[in-house]
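One letter stands for each residue in the lines below.
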Amino acid sequence: MNWGTPPGPDPTDVGYWRPLRRLQEAMDAEIARLYAERGISVRPRHTMPLIRLGRRGPMTIRDLARSVEVTHSAMSQTVSALKRDGLVTTRPGADARTRLVELTDAARELLPFLEAEWRATEEAIAELDAELPYSLHDVVRDMERALRARSFRDRIADRIADRER
């Protein structure tokens, strides 16, 4: 198998999902701007773990990661950033390998705003979705259904196999 550089344009110049990523990044930037206007120094991506901890109490990093559907590694980095920002503390868990993450008083003071912003954001997204000629929410559900019928991995592997023939 020869995996040398094929002729033609750089394939990374095409990015099917790039516009969707840019849209989400722009929307997150608008949330960050709202936070800054309110004097709240929380990154929007940290809002969900903070709310989870506020609602469900102290959790291990692993349980918190599972709860917000990210990897343990990603949550470990998030917890480190939240500790630096004075929003969480950690203490030993049930065994020497685990750490319990809990909110600080500073984070608890922010929770009412963070929850209000979360609800308002979900309402604004639903409003935006309703303005579209087709629902992005429905499109995502339809794509998930199609991927259950035939996995994304299989779709990619088939295309690679076609090129190898």
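Quick note: structure is the one above.
Parameters at a glance
- Residues numbered from 1 in each chain as written.
- Predicted model: local features only at pLDDT ≥ 70, side-chain atom pairs only at ≥ 80, totals over all residues.
- Heavy atoms only, no water.
- Helix = DSSP H or I, 4+ residues; strand = E, 2+ residues; numbered from the N terminus.
- Rg over C-alpha atoms; globule rule 2.2 N^0.38 Å.
- Buried < 20%, exposed > 50% of the residue type's maximum accessible area, 1.4 Å probe, protein only.
- Pairing = 2+ DSSP bridges.
- Salt bridge = Lys/Arg side-chain N within 4 Å of Asp/Glu carboxyl O.
- Arc of directions from axis to C-beta.
- Contact = heavy atoms within 4.5 Å.
- 1 Å grid on protein atoms, 1.4 Å probe; cavity = no way out; pocket = protein on both sides within 12 Å on 5 of 7 lines; lining within 4 Å.
- Points joined across faces, edges and corners; volume = space filled by probe spheres on them.
- Nonpolar A, V, L, I, M, F, W, Y, C, P; charged D, E, K, R; others polar.

A.B. asks: Could you give me a rundown of the overall build of the protein, with the residues and numbers involved?
C.D. replies: On a plain count of helices and strands, the protein comes out with seven helices and three strands. What you see in the protein, going N to C, is helices and strands ordered as α-α-β-α-α-β-β-α-α-α. Computed over C-alpha atoms, the radius of gyration of the protein comes to 21 Å, more than 25% over the 15 Å expected from 2.2 N^0.38 for 165 residues, which places it beyond the range of a compact globule. Taken over 165 residues, the protein has a buried fraction of 25%.

A.B. asks: Explain the pairing of strand E2 (residues 88–92) to me, using residue names and the numbers behind them.
C.D. replies: As paired strands, E2 and strand E3 (residues 99–103) are joined by five bridges and run antiparallel to one another. Within E3, the position partnered with Thr90 by the bridge is Val101.

A.B. asks: So what's going on with the pattern of salt bridges? Which residues, and what values?
C.D. replies: As enumerated under the stated definition, the model contains eleven salt bridges in all. Between Arg108 and Asp105 there is a salt bridge, and its shortest N-O distance comes to 3.0 Å. Of this pair, Arg108 and Asp105 both sit in helix H5 (residues 105–131), three residues apart, roughly one helical turn. A single network of salt bridges, built from pairs that share partners, joins Arg55, Glu115 and Arg119.

A.B. asks: Explain helix H3 (residues 61–68) to me, and be specific about the residues and the numbers.
C.D. replies: Buried within H3 are the following residues: Ile61, Leu64, Ala65, Ser67 and Val68. When H3 is viewed along its axis, its buried side chains cluster within an angular range of 160° and face the same direction. Each element contacted by the buried residues of H3 is listed here: helix H2 (47–56), strand E1 (59–60), helix H4 (72–84) and E3.

A.B. asks: Residue-level account of the layout of surface pockets, with values.
C.D. replies: Each pocket or cavity is described by its volume, and for the largest pocket that value is around 1,500 Å³. The set of elements that each furnish at least two residues to the lining of the largest pocket consists of helix H1 (18–37), H2, H4, H5 and helix H6 (136–149). Looking at which element gives the most residues to the lining of the largest pocket, the answer is H5, with nine residues. Tallied by class, the residues present in the lining of the largest pocket amount to 24 nonpolar, five polar and six charged. The computed volume of the second largest pocket comes to approximately 190 Å³.

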